[in-house]
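Structural overview for review
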Amino acid sequence: YGTDGGAHSFLRFIEGDATALPFPDRSFDLVWTQHVAANIADRPKLYREAARVLKPGGRFVMHDIFEGPGGALLLPVPWASGPRMSFLRPAAAIA
């Protein structure tokens, strides 16, 4: 932790399982995922955990990669070396 007032002085990074977060219910005003869901097979569990740790009125923000109309994925890709690590879904699947 820094003391110069920069972001690192008040941020803490915790590694864990996005489908079993180590936080109490209603802990956060915001849950943000970035390039996470492409690696999670059990999407409903991911979204339930995000909802569980959000405070009432909190926001869930995600930025992710979705399957497009371009045909089969050509592996490896930045998030997966093989098909057992990639769980892309069409964008319409989250609506």
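Residues numbered from 1 in each chain as written. Predicted model: local features only at pLDDT ≥ 70, side-chain atom pairs only at ≥ 80, totals over all residues. Heavy atoms only, no water.

**Structural notes on the overall build of the chain**
A tally of regular secondary structure across the chain gives 1 helix and 2 strands. Across the chain, helices and strands are ordered from the amino to the carboxyl terminus as β-α-β. Here the chain, with 95 residues, has 21% of them falling under the buried criterion. Within the chain, residue pairs in contact and separated by at least 24 positions form 62% of the contacts whose partners lie at least 6 positions apart. With the model as given, the accessible surface of the chain reaches about 7000 Å², and the carbon-plus-sulfur share is 60%. (Helix = DSSP H or I, 4+ residues; strand = E, 2+ residues; numbered from the N terminus. Buried < 20%, exposed > 50% of the residue type's maximum accessible area, 1.4 Å probe, protein only. Contact = heavy atoms within 4.5 Å. Areas by Shrake-Rupley, 256 points an atom, 1.4 Å probe, with all protein chains shown as cover.)

**Some details on the pattern of salt bridges**
One pass over the structure, following the stated rule, counts 3 salt bridges. Residues Lys55 and Asp29 are paired through a salt bridge, measuring 3.7 Å at the closest nitrogen-oxygen approach. Highlighted residues: Lys55 in strand 2 (residues 54-63) and Asp29 in strand 1 (residues 28-34), separated in sequence by 26 residues. The network of salt bridges with common partners includes Asp25, Glu49 and Arg52. (Salt bridge = Lys/Arg side-chain N within 4 Å of Asp/Glu carboxyl O.)

**Some thoughts on the pairing of strand 1**
In terms of strand pairing, strand 1 meets strand 2 through 6 bridges, oriented parallel. Bridging from a neighbouring strand, Leu30 pairs with Arg59 of strand 2. Traced from strand 1 through helix 1 (residues 43-53) to strand 2, the parallel crossover comes out right-handed. (Pairing = 2+ DSSP bridges. Right-handed = clockwise from strand over helix to strand, strands pointing away.)

Everything listed here is a matter of geometry and, on its own, says nothing about what the molecule does.
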